[in-house]
Amino acid sequence: MSNSTTLAEIQSKYQNCNLLIPAATSVQINPFYKCTVMEVVPDTSDNSGDIFKVGNTKVGEDENGKAVYADVFSLAKPLLMKLATAAGIQFHPEYTTVVRENSNTYVGKAYGAVRLPDGTFKTHAETKRICLDDEEAKYRIEFMDKSIKGISDWRAAKSAEEMFKGHWEDTAETRTYKGREYPVKKFVIDDCDREKYIERSMLVNMTLLRKTASEKAQTGAILRVIRALLGIKGTYQLQELKKPFAVPTVTFSPDYSDANVRQAMLQQGMSSMGNMFGAASAPPAALPFETEAFADSFDPEENLNNPAFASDSQEDDEMSSAEMEHIYTQESATQQEELPPREQVNENGYIPGDLYCEKCGTPINERVYEYSLKKFGSPLCIKCQKGAGR
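These numbers come from a predicted model, not from an experiment.

## Observations regarding the packing of helix H3 (residues 132-149) against helix H5 (residues 191-230)
Step number 1: One can describe the packing of H3 onto H5 by two numbers: an axis separation of 9 Å at closest approach and a directional angle of 145 degrees. Regarding H3 and H5, the two cross each other, and that crossing is right-handed. Contact residues: Leu132, Glu135, Glu136, Tyr139, Arg140, Phe143, Met144, Lys146, Ser147 and Ile148 in H3; Arg194, Glu195, Tyr197, Ile198, Glu199, Ser201, Met202, Asn205, Met206, Leu209, Arg210 and Ala213 in H5.
Step number 2: Split into classes, the residues belonging to the contact of H3 with H5 amount to 11 nonpolar, 3 polar and 8 charged.

Here's what the structure looks like:
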């Protein structure tokens, strides 16, 4: 199923929702990497929040030689964040923060990275400093100019008319509303209330800025990184913003239908396992005493002093062959050093109170006796147990 078909199905299913999924087109540029172009369409309607007006610029002259101006706009935070998501920009959590230098200064820092279409990464770092003293001076100049030249914003002008004395004046500008053009008027504050207007406007804006200074500093740094990594212009005309932004990204997406890709991925996986756990080695050759021929020809009496048959483990329920040989060695040595007097041997050759092999009559200790009963059902010495096990 193609991406366009999938997106159409999603849009039809959630037609009553505000979808935040940008349109995408994917192209396999090689067997391992896929290039995906994400399309983000700005909302250019009034009060959309995606863009904001920053002024106007001269675009030419009319037939009468009069200058023609066009409004210019800048991208706001919501649209920039959507572009960052589409481009896959990632911010380092340790270096994207805000620092308070003093009681009136906040510094936001941001460090971001984006993968380019060729697979390499591009990084960028930015800072945004907000000094409350500087902002207060800037607000004072701004509202002083508005009080003298007039307030052209309709809502701000109506609010100032309700609180301060002044008068309305016509301007040469026009505003388009619902397909019709209307002349723009401005409200000019009288001299008697000019200082009150300036102080009140500064108080309102500085109170809000003090509450959000740290957030504004960090957000400003992040938005600067987004603009720099994606090469976004400072201003756009309205007809430019009506076209979608196309953001190409590169992702690792192997084409598993290709046999060469499958083989390369398998080799890579085996190599990764070898790097973590070491390369697999061939099983070691069997030692001489581990072969079946050696077991058939093995004679414990010829290896009484051989340490290879000694065992350190004495805690298993079933004794290993090495343990058995160790016990037999100890028993043989004990028999040679401490042979019972001949008068203690009964007529059948047994010593009263001791344990013996049922076949050959060889004395055995308690451990061999219990093991033989458990394993073979009768008391046998080690030599007879080897014959019984075959």
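## Overview of the packing of aromatic side chains
Step number 1: Applying the stated criterion to the full structure yields 7 aromatic pairs.
Step number 2: In this arrangement the basic side chain of Lys138 is found over the ring face of Tyr139, its NZ or CZ atom lying 5.8 Å from the centre.

## What to know about the environment of Tyr69
Step number 1: Mapped onto the elements, Tyr69 comes out in strand S4 (residues 67-75).
Step number 2: Tyr69 sits 14 residues away from Gly55 along the chain, and the two C-alpha atoms are 9.8 Å apart.
Step number 3: What Tyr69 contacts, discounting residues up to four positions off in sequence, is Asn56, Thr57, Lys58 and Val59.

## So, the sheet that holds S4
Step number 1: Here 3 strands make up an open sheet; going across it, the order is S3-S4-S11 and the pairing antiparallel. Lying at the two open borders of the sheet, with one neighbouring strand each, are strand S3 (51-61) and strand S11 (236-237).
Step number 2: One ladder, built from 2 bridges, connects S4 with S11; its direction is antiparallel. Pairing of Val72 across the sheet is with Gln237, part of S11.

## Quick notes on the nonpolar core
Step number 1: Core analysis: the largest hydrophobic core is formed by 25 residues, its most contacted members being Leu75, Leu83, Ile89, Ile226, Ile232, Leu241 and Phe245.
Step number 2: Broken down by secondary-structure element, the contributors of at least two residues to this core are strand S2 (33-40), S4, helix H2 (77-87), strand S7 (105-115), H5 and strand S12 (245-252).

## Digging into the state of the cysteines
Step number 1: What the rule picks out here adds up to 0 disulfides.
Step number 2: Cys384 takes part in no disulfide bond, and the closest cysteine sulfur to it belongs to Cys381, at a distance of 3.5 Å.
Step number 3: We classify Cys384 as buried; its relative accessible area is 14%.

## Concerning the pattern of salt bridges
Any two side chains of opposite charge can pair, on the condition that their charged atoms come close.
Step number 1: With the rule as written, the count across this model stands at 10 salt bridges.
Step number 2: Notably, a salt bridge pairs Lys146 with Glu142, separated by 3.6 Å at the nearest N-O pair. Pair noted here: Lys146 and Glu142 are both in helix H3, with a separation of 4 residues, about one helical turn.
Step number 3: Among the residues examined, Lys146 registers a relative accessible area of 31% and is labelled partly exposed.

## Side note on the environment of His124
Step number 1: You can see His124 is positioned in strand S8 (residues 121-131).
Step number 2: Since its relative accessible area comes to 25%, His124 is described here as partly exposed.
Step number 3: Residues His124 and Val114, 10 residues apart in the sequence, show an inter-C-alpha distance of 9.0 Å.
Step number 4: There is a polar contact of 2.9 Å between the side chain of His124 and the side chain of Glu126.

## Let's talk about the packing of H2 against H5
Step number 1: Contact geometry of H2 with H5 gives a least axis separation of 10 Å together with a crossing angle of 55 degrees. When the axes of H2 and H5 are compared, the pair comes out oblique. Seen from above, H2 lies across H5 with left-handed handedness. Between H2, through Lys77, Leu80, Met81, Leu83, Ala84 and Ala87, and H5, the contact on the second element is made entirely by Thr219, Ile222, Leu223, Ile226, Arg227 and Leu230.
Step number 2: Tallied by class, residues from the contact of H2 with H5 come to 9 nonpolar, 1 polar and 2 charged.

## Quick look at the confidence of the model for the chain
Step number 1: Of all residues in the chain, 68% have pLDDT values of 70 or greater, and the mean over the chain is 76.
Step number 2: Low pLDDT, under 50, characterises residues 285-291; the stretch is placed with 3 contacts to residues that sit more than four places away or in other chains.
Step number 3: Note that residues 334-346 has pLDDT below 50 and, in this model, 9 contacts with residues that lie over four places away or in other chains.

How each quantity is defined
Residues numbered from 1 in each chain as written. Predicted model: local features only at pLDDT ≥ 70, side-chain atom pairs only at ≥ 80, totals over all residues. Heavy atoms only, no water. Axes fitted to C-alpha atoms, helices over the stretch in contact; angles between N-to-C directions. Helix = DSSP H or I, 4+ residues; strand = E, 2+ residues; numbered from the N terminus. Left-handed = near helix turned anticlockwise from the far one by under 90°. Contact = heavy atoms within 4.5 Å. Nonpolar A, V, L, I, M, F, W, Y, C, P; charged D, E, K, R; others polar. Phe/Tyr/Trp six-rings, centres within 6.5 Å; stacked < 30°, edge-to-face > 60°. Lys NZ or Arg CZ within 6 Å of the ring centre and 35° of its normal. Pairing = 2+ DSSP bridges. Core = buried A, V, L, I, M, F, W, Y, C linked by side-chain atoms within 4.5 Å. Buried < 20%, exposed > 50% of the residue type's maximum accessible area, 1.4 Å probe, protein only. Disulfide = S-S within 2.5 Å. Salt bridge = Lys/Arg side-chain N within 4 Å of Asp/Glu carboxyl O. Polar contact = N/O pair within 3.5 Å; in protein donor to acceptor, adjacent residues only side chain to side chain. Parallel < 35°, antiparallel > 145°, perpendicular 65-115°, else oblique. pLDDT = per-residue confidence, 0-100.

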